[in-house]
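Secondary and tertiary structure notes
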Amino acid sequence: MEAGCLIEEARKAQQNSYSPYSGYKVGAALLGKSGQIYTGTNIENSSYGLSICAERTALFNAVNNGEVDFLAIAVCSNGPGYVYPCGACLQVLAEFVPDLQVIVSNEKDEFEQYLLSDLLPQAFKLSTQEG
Ligand code: THU
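Structure report, in brief. (Residues numbered from 1 in each chain as written. Predicted model: local features only at pLDDT ≥ 70, side-chain atom pairs only at ≥ 80, totals over all residues. Heavy atoms only, no water.)

Taken together, the buried positions of helix H2 (residues 54-64) are Ala-54, Glu-55, Arg-56, Thr-57, Ala-58, Leu-59 and Ala-62. Immediately downstream of H2, the backbone of Gly-66 shows phi near 90 degrees, a positive value. (Buried < 20%, exposed > 50% of the residue type's maximum accessible area, 1.4 Å probe, protein only. Helix = DSSP H or I, 4+ residues; strand = E, 2+ residues; numbered from the N terminus.)

In total, this model carries three salt bridges according to the counting rule given. Put simply, Glu-9 and Lys-12 hold a salt bridge, and the shortest N to O gap is 2.9 Å. Placement of both Glu-9 and Lys-12 in helix H1 (residues 3-14) is noted, with a separation of three residues, approximately one turn of the helix. Since its relative accessible area comes to 45%, Lys-12 is described here as partly exposed. Between Lys-33 and Asp-69 there is a salt bridge, with the nearest N and O atoms lying 3.4 Å from each other. Here Lys-33 is found in the loop between strand S1 (26-32) and strand S2 (37-41), whereas its partner Asp-69 is found in the loop between H2 and strand S3 (70-77), with 36 residues between them in sequence. What makes Asp-69 partly exposed here is its relative accessible area of 33%. (Salt bridge = Lys/Arg side-chain N within 4 Å of Asp/Glu carboxyl O.)

Quick look at the nonpolar core now. In this structure, Leu-30, Phe-70, Ile-73, Leu-93, Leu-100 and Leu-116 are the most contacted members of the largest nonpolar core, which totals 20 residues. Of all the elements in the fold, those that place two or more residues in this core are S1, H2, S3, helix H3 (87-94) and strand S4 (101-105). Looking at this core element by element, the count peaks at four residues for H2. Counting residues in each nonpolar core, the second largest holds 10 residues, with Ile-7, Ala-29, Leu-31 and Ile-103 among its members. (Core = buried A, V, L, I, M, F, W, Y, C linked by side-chain atoms within 4.5 Å.)

Inspection of the region around the ligand gives Ser-22, Tyr-24, Val-26, Asn-42, Glu-44, Cys-53, Ala-54, Glu-55, Tyr-84, Pro-85 and Cys-86 as its neighbouring residues. At a separation of 2.9 Å, an oxygen atom of the ligand approaches a polar backbone atom of Ala-54. The contact in question runs from an oxygen atom of the ligand to an N or O atom on the backbone of Cys-86, over 3.1 Å. In isolation the ligand offers 380 Å² of accessible surface; the protein chains occlude 77% of this area. Structurally, the ligand is housed in the second largest pocket. Tallied by class, residues from the shell around the ligand come to seven nonpolar, two polar and two charged. (Near = heavy atom within 4 Å. Polar contact = N/O pair within 3.5 Å; in protein donor to acceptor, adjacent residues only side chain to side chain. Areas by Shrake-Rupley, 256 points an atom, 1.4 Å probe, with all protein chains shown as cover. 1 Å grid on protein atoms, 1.4 Å probe; cavity = no way out; pocket = protein on both sides within 12 Å on 5 of 7 lines; lining within 4 Å. Sits in = over half its atoms within 2 Å of the grid points. Nonpolar A, V, L, I, M, F, W, Y, C, P; charged D, E, K, R; others polar.)

Next comes the structure, spelled out in structure tokens:
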């Protein structure tokens, strides 16, 4: 799967963005190991803190459909420059695939590719035992 194809899917999802408060439309496309692509967009709320990012929408969409192993996620927005997933989304993605490929794109569909573990080197892990 080429990065360009995944970005194209993210662009389609971006069109469904519900973002009347920020006007910032984000799309994400998550490629499962099965080859299936799960998309998501940001969904805002008048109680701002209840809004959800595109990346988590895509991930929850995937998990809800039984897929928990992923190869890559592509993210795009209607803003200028590359859109990097926020820390909360990185943490939630790291729960499933710490070394996920993260493809960030800009308004010209140019892209950069990172390892999730480079963007969030010390993801939180619940440790219930000492040592
Ligand atoms: N947003 C995302 O969808 N993904 C990110 O990685 C960062 C921010 C959304 C949340 C909110 O709807 C809007 O962008 C402005 O913060």
